[in-house]
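# Structural characterization, general
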Amino acid sequence: MATTAAPELVSVNPATLEPVGSVRRTDPAEVSLVVAAAQAVQERWWAVGADARARFLAEVARVVRAHADEIADSIVAETAKPRTEALANELYAAVDHASWLAKHAPRVLADERVRFSQLHLKTKKAWLLYEPLGVVAAITPWNIPFAIPFREVATAVAAGNAVVLKPSELTPLTGEWVRRVFQKAGFPDGLVQVVQGEGPVGEALVDDPGISKVFFTGSVPVGRRVAAAAGARGCPVVLELGGKDPMIVFADANLERAVDGTLFASFLNAGQACVSAERIYVERSVYDEFAERLSRRTQELKLGEDVGPLISERQRDNVERLTNARRPERGGWFLEPTVMRGPLPDEEIFGPVVTVEPFDGEDEAVRHANDSEFGLAASVWSRDLAKANRVARRVEAGMVWVNDFGYSFTTGQASWGGVKSSGFGRTSSKHGLYECVQVKYVDSDRGLFRPAWWFPYDAKTERALRVTLDVLYGSGFQRWRDAWRHRSDLRHLLRRSR
């Protein structure tokens with residue numbers, strides 16, 4: 001790899017605006033060398049087998065636990081989010097995913113036998129094989145700077161791939177921790193690579209022909225550009241993009257729990273989460289009470305303790321532009337948590353601002369929830385679980401929680417991803433593993449019988465194939481009647497198969 005010095009990438013604490021560290025910036029011209037180095041390791045990694053990979057994943061879960069305080073220090077230094085959030089949302093997600101993958105990835109990705117019920121295929125045996133893609137790219141955001149890249153890297157290597165990770169340029173030090181924990185767990189050198197920098201580095205990664213798939217988490221406009229660039233060379237992508245997520249609160253909900261849930265869902269990470277609840281719809285009979293309780297509880301939140309700053313001046317200015325949120329008189333990029341009545345434009349806020357609106361009845365609640373170009377997540381709050389589940393199934397979203405919010409992010413067996421402009425594809429769960437493999441169909445046949453539909457063609461074979469369609473796929477007694485009526489045609493096919 002080239003050793004030419006490059007300018008450092010400096011990370012700044014958004015609460016104090018003080019630099020907290022720096023890493024070497026990757027020259028975009030170096031990206032191809034990094035990808036090639038990952039390719040050189042990947043085939044050997046695949047060859048070690050699923051059980052060995054599982055043991056490595058169990059070890060990386062242990063390493064993350066052993067270094068949990070240091071990783072949390074890095075997250076807090078670069079994002080200024082409360083330490084509780086760094087532990088509960090980032091460290092738990094990482095350890096749970098690695099542990100789940102260690103236990104279940106070998107089973108999920110084991111060769112799968114294909115069973116044939118068709119009479120004309122009874123001589124065959126077949127399997128679905130789940131093989132690695134090669135080297136995949138993970139381009140990840142600043143808001144969850146450890147858990148998101150860790151989950152994507154862990155899932156990809158569990159499936160036998162190598163990974164080149166580009167963390168956000170705003171949280172480069174935490175991105176480096178992802179590589180370090182895999183290295184400390186004994187994964188082969190070069191299997192997990194990290195490139196650092198702004199947009200041009202990500203563009204070079206997406207364009208590199210050695211990258212077999214791109215996993216991108218970020219904004220809708222950038223995600224669409226990533227998809228277009230990757231698609232231009234036939235490279236598949238998984239996109240987890242923005243959200244403007246709804247909460248539906250029915251009059252029969254436990255209002256205290258619903259207000260608590262709304263407070264957490266709206267102001268977690270200062271509202272800088274893709275699944276932040278930005279639109280709260282409350283049944284009209286309890287709307288005023290709910291809005292008043294939520295506003296009162298919001299005023300009790302402490303800046304810097306419960307709610308951290310926004311990640312950058314640019315992000316703060318964008319939230320102010322969308323919402324007119326108030327800037328407190330203190331240092332750093334803080335905004336006051338705000339509850340607004342009435343709608344805002346269908347644009348992701350990504351800040352500590354939430355809107356509350358009334359609704360009448362299930363149909364109107366669902367209509368409001370689905371009236372958005374986004375479809376990442378949602379939640380429904382009601383003591384009537386039959387109603388809550390009924391409404392949840394009607395909401396257009398990749399995840400819908402009932403009387404809770406967001407917990408499945410930290411759960412390895414739960415899929416994660418959205419619909420509509422919130423993206424496509426899934427991370428986590430068996431579906432996240434399937435995104436990291438190519439499926440190969442392989443069969444076995446002794447070659448004892450000649451297929452009746454091979455050359456030469458003739459009118460009698462054509463007629464026999466036509467009637468056999470009804471014999472093979474018809475229903476009930478009619479199949480047997482057809483077989484008897486057309487027994488001479490069936491005998492013709494049997495003779496051709498010798």
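Small disclaimer: the values here were computed from a predicted structure and weren't measured.

### Some points on the sheet that holds strand β13 (residues 353-359)
Judged by pairing direction, the sheet is parallel, and its six strands sit side by side in the order β12-β13-β11-β10-β15-β16 without closing on themselves. The outermost strands of the open sheet, each flanked by one partner alone, are β12 (338-341) and β16 (399-402). This sheet shows a mean twist of 20° between the axes of neighbouring strands, independent of strand direction. In terms of strand pairing, strand β15 (residues 377-381) meets β16 through four bridges, oriented parallel. The partner of Ala378 across the bridge, within β16, is Val400. In the packing of helix α9 (residues 255-267) onto the sheet, the strands contacted are β10 (245-249), β11 (277-283), β12, β13 and β15, and the crossing angle to β10 comes to about 170°. Where helix α12 (residues 361-370) meets the sheet, its contacts fall on β10, β11 and β13, and the angle it forms with β13 comes to roughly 150°.

### Quick word on the nonpolar core
In a soluble, globular protein the nonpolar side chains are often hidden away together inside. Counting 74 residues, the largest nonpolar core has Phe146, Phe150, Val157, Val181 and Phe182 as the members making the most contacts within it. Take this core: its biggest share by element is 10 residues, from helix α4 (residues 83-108). Membership of the second largest hydrophobic core comes to 47 residues, among which are Leu255, Val282, Ile349 and Trp381.

### Focus on α4
Under the 1.5 Å per step criterion, the end-to-end length of α4 is 35 Å for 26 residues, consistent within 8% with the ideal 38 Å. Its maximal kink placed at Ala102, α4 deviates by approximately 40°, while the proline Pro106 follows within four residues.

### Points about helix α8 (residues 220-232)
The first and last C-alpha atoms of α8 sit 18 Å apart over 13 residues, in line with the 18 Å expected at 1.5 Å per residue. Inspection of α8 places Val220, Gly223, Val226 and Ala230 among the buried residues, and these make up the whole buried set. Relative to the axis of α8, the buried residues are bounded by an arc of 120° and lie together on one face. The exposed residues of α8 that point more than 90 degrees off its buried face are Arg225, Ala228 and Ala232.

### Here's the deal with the confidence of the model for the protein chain
Averaged over every residue, the pLDDT of the protein chain is 96; the share at 70 or more is 99%. Every residue in residues 1-5 scores below 50 in pLDDT, and together they form eight contacts with partners more than four places removed in sequence or on other chains.

### Section: the pairing of strand β6 (residues 162-166)
Buried residues dominate β6, accounting for five of its five residues. Here β6 shows no split at all, with Ala162, Val164 and Lys166 on one side and Val163 and Leu165 on the other all buried. Strand direction decides the pairing type here: strand β5 (residues 135-139) and β6, joined by five bridges, are parallel. Residue pairing for β6: Ala138 is matched across the bridge by Leu165.

Cut-offs and rules
Residues numbered from 1 in each chain as written. Predicted model: local features only at pLDDT ≥ 70, side-chain atom pairs only at ≥ 80, totals over all residues. Heavy atoms only, no water. Pairing = 2+ DSSP bridges. Helix = DSSP H or I, 4+ residues; strand = E, 2+ residues; numbered from the N terminus. Axes fitted to C-alpha atoms, helices over the stretch in contact; angles between N-to-C directions. Contact = heavy atoms within 4.5 Å. Core = buried A, V, L, I, M, F, W, Y, C linked by side-chain atoms within 4.5 Å. Buried < 20%, exposed > 50% of the residue type's maximum accessible area, 1.4 Å probe, protein only. Expected span 1.5 Å × (residues − 1). Bend = angle between axes of the 7 residues up to and from the residue. Arc of directions from axis to C-beta. pLDDT = per-residue confidence, 0-100.

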